[in-house]
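Close look at the chain arrangement
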Amino acid sequence: GNDRNCLKRSKERLGSSNFWAPTYNEHNEGSELFSTPYFENYTIVYAMYCDGSSWTSNVDHPVTVSNNEVIYYRGRRLLDALIDNLVLVEGLKNASKVLYSGCSAGALTTFLHIDYVASRLLPFS
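Here the residue numbering is sequential within each chain, running from 1 through the sequence in written order. Given that this is a predicted model, residues contribute local features only at a pLDDT of at least 70 and side-chain atom pairs are listed and counted only at 80 or more, while totals for whole chains, interfaces and linings are drawn from all residues. The basis for every side-chain value is the complete set of non-hydrogen atoms in the structure, without hydrogens or water.

1. Details of unusual backbone geometry
Positive phi, normally seen in glycine, also occurs at serine 54, with a value near 55°. Secondary structure elements are taken from DSSP: a helix is a run of H or I of four residues or more, a strand is a run of E of two residues or more, and numbering for both begins at the N terminus. Within the fold, serine 54 resides in the loop between α1 (3-9) and β1 (63-64). Phi at asparagine 67 takes a positive value of approximately 50°, unusual for a residue other than glycine. Relative to the helices and strands, asparagine 67 is located in the loop between β1 and β2 (70-71).

2. Structural notes on the side chain of histidine 113
Locating histidine 113 in the fold gives a position in helix α3 (residues 105-121). There is a polar contact of 2.7 Å between the side chain of histidine 113 and the backbone oxygen of serine 54. Discounting chain neighbours no more than four positions away, the residues touching histidine 113 are Ser54, Trp55, Thr56, Arg76, Leu79 and Tyr100. Polar contact is defined as a pair of N or O atoms within 3.5 Å, subject to the rule that within protein one atom must be able to donate a hydrogen and the other to accept it, and that residues adjacent in sequence are counted only when both atoms are side-chain atoms. Whether two residues are in contact is decided by their heavy atoms, any of which lying within 4.5 Å being enough.

3. Quick look at the nonpolar core
The biggest cluster of nonpolar side chains holds six residues, and these are Trp55, Leu79, Ile83, Val87, Val117 and Leu121. Elements represented by at least two residues in this core include exactly α2 (75-88) and α3. Residues in contact with leucine 121, not counting those within four places in the same chain, are Val87, Leu92 and Val98. In plain words, nonpolar cores are sets of buried Ala, Val, Leu, Ile, Met, Phe, Trp, Tyr and Cys residues tied together by side-chain atoms within 4.5 Å. Between buried and exposed lies partly exposed: a residue is buried under 20% and exposed over 50% of the maximum accessible area for its type, with that area taken using a 1.4 Å probe on protein chains only.

4. Comments concerning the pattern of salt bridges
Definition used for salt bridges: Asp or Glu carboxyl oxygen within 4 Å of a side-chain nitrogen of Lys or Arg. A full pass over the atoms with the stated rule returns six salt bridges. With a closest N to O distance of 3.4 Å, glutamate 12 and lysine 8 form a salt bridge. Take lysine 8: its relative accessible area is 54%, and that puts it in the exposed class. Among the ionic pairs, aspartate 84 bridges to arginine 120, the shortest N-O distance being 2.2 Å. Of the two residues, aspartate 84 sits in helix α2 while arginine 120 sits in helix α3, which places them 36 residues apart along the sequence. Judged by relative accessible area, arginine 120 falls into the partly exposed class, the value being 22%. Overlapping salt bridges, with partners in common, bring together Arg76, Asp80, Asp84 and Arg120 in one network.

As structure tokens, this is what we get:
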């Protein structure tokens, strides 16, 4: 993609969390699996992917695209904030096992970041 495409995507459902409900409640991508008895003692976290860079970007300053509109490339900061919240606020530091997965573009994201996520959780194991 390019900056103009990213700006357009940032104004749509798959490019911004502004269009999402506070709680994920759709039943697609196999999510019904997690409502089965096998997972009744699990805490499920569904982290919607929306940054367009598989949570890899980390640009300090916004990029001006056109008509003085800006786009932020800060996917890695989103991933760090997600991990920080899950560990420090939601209790992930107390988990004995973590299953880290994704689908579609999120599958690529899990592949790219599995070692990093594991390193962030290692101090709590």
